[in-house]
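Structural description and commentary
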Amino acid sequence: MTTRGCPYNCDFCCVTDLFGKKIRHIPVENVVRDIVEARTKNFMFLDDNIIGHPKYAKELFKAISPLKINWVGQASISLVKDTELMELAAASGCKSLFFGLESVSEDQLKQFRKAISDIGQLEQALQKIKKMGILIHASMIFGFDNDSKAVFNETVKFLKKNKISTVSFNVLTPYPGTKTYNDLKNEGRLLTANWKYYDHNTVVFQPKNMTPWELQLGKTTARKKFYNPSSVFSRLFGNLYSPRLYLALNYGHMKQSQVEMKRIGKLKSEFFDLL
Ligand code: SF4
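Residues numbered from 1 in each chain as written. Predicted model: local features only at pLDDT ≥ 70, side-chain atom pairs only at ≥ 80, totals over all residues.

1. Some details on the site of the ligand
In the vicinity of the ligand, the residues found are Cys 6, Tyr 8, Asn 9, Cys 10, Cys 13, Val 15, Thr 16, Asp 48 and Gly 100. Residue composition of the shell around the ligand, by class: five nonpolar, three polar and one charged. (Near = placed C-beta within 6 Å. Nonpolar A, V, L, I, M, F, W, Y, C, P; charged D, E, K, R; others polar.)

So, in structure tokens, the structure goes:
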């Protein structure tokens, strides 16, 4: 982890509460030293946004390029607005990036104040990243107040069309301290205070346009559709620059999706039927 802090304080996210608004960095030379001493070639940067401070990120990418490592990390989609930064990331060994896309609804994207909120521009941005040979992991969230029951199919359609490598399908989770939590609490829409269910996978609030169970089932089914074998096969053709990593990651996600399908019956009887 090279960086902590995030100035954006998004409504649903606890990072600013946990790590503060001011971005702080570990000196680049210390990161290089840690990488050399780790004696491995494969790394995951856990920064919430590895390009949050582009000047620092460029210095870091230049410094680690000679080490010939492979790395994965998290970044904002604004990466595509800086070609030099994108090229430096790829040259430094970046193989896959996690992007918090959250939604493919333009209304919702505008509310997030994202760097890119137009769907056409978002598709172009995703293609630019692919051209750099970087696999895309998209993180999606279901359950915003704008979401209707159509959101599940629309989202899966977008992700398949753009041949996204891998996706995390989450339900909106109102962490204490966030605006989302305060709003839902004030509106009397929280269903439980049992923190074991606040896990990104279980619906713990009353959605606006569907029942909690419809949201739960919609999210689980979207994941299943995205990771079914024919979807994995068809998306491979958009990820041929890194086929082994693509297939390994999809195999892992496919297995997790199967575990979730098995769990959902237990969750219904243990939690939703008692609401
Ligand atoms: S979602 Fe991303 S940009 Fe928003 S506060 Fe969290 S880390 Fe920062």
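Anyway, onward from the coordinates.
2. Brief notes about the packing of helix α7 (residues 151–161) against helix α9 (residues 212–226)
Contact pair α7 / α9: the axes reach a minimum separation of 10 Å and the direction vectors enclose 25°. Relative to α9, the element α7 lies roughly parallel. Of the two elements, α7 crosses α9, and the hand of that crossing is right-handed. Across the interface between the two elements, Phe 152, Thr 155, Val 156, Leu 159 and Lys 160 from α7 touch Gly 218, Thr 221, Ala 222, Lys 225 and Phe 226 from α9. Here the contact of α7 with α9 is built from residues that sort into five nonpolar, three polar and two charged. (Axes fitted to C-alpha atoms, helices over the stretch in contact; angles between N-to-C directions. Helix = DSSP H or I, 4+ residues; strand = E, 2+ residues; numbered from the N terminus. Parallel < 35°, antiparallel > 145°, perpendicular 65-115°, else oblique. Left-handed = near helix turned anticlockwise from the far one by under 90°. Contact = placed C-beta atoms within 7 Å.)

3. Quick word on the environment of Lys 21
On the secondary structure map, Lys 21 appears in the loop between α1 (15–19) and β2 (24–25). On the basis of neighbour count, Lys 21 is assigned to the exposed category, with 12 C-beta atoms found within 10 Å. As for Lys 21 and Cys 10, which are separated by 11 residues in sequence, their C-alpha atoms are 11 Å apart. Those residues in contact with Lys 21, other than ones at most four positions away along the chain, are Gly 5, Pro 7, Asn 9 and Thr 16. (Buried ≥ 20, exposed ≤ 12 C-beta atoms within 10 Å, placed from the backbone.)

4. Focus: the environment of Ala 248
Tracing the chain through its elements places Ala 248 in helix α11 (residues 243–270). It is 17 Å that separates the C-alpha atoms of Ala 248 and Val 259, two residues lying 11 residues apart in sequence.

The values are spatial; any link to function lies outside them.
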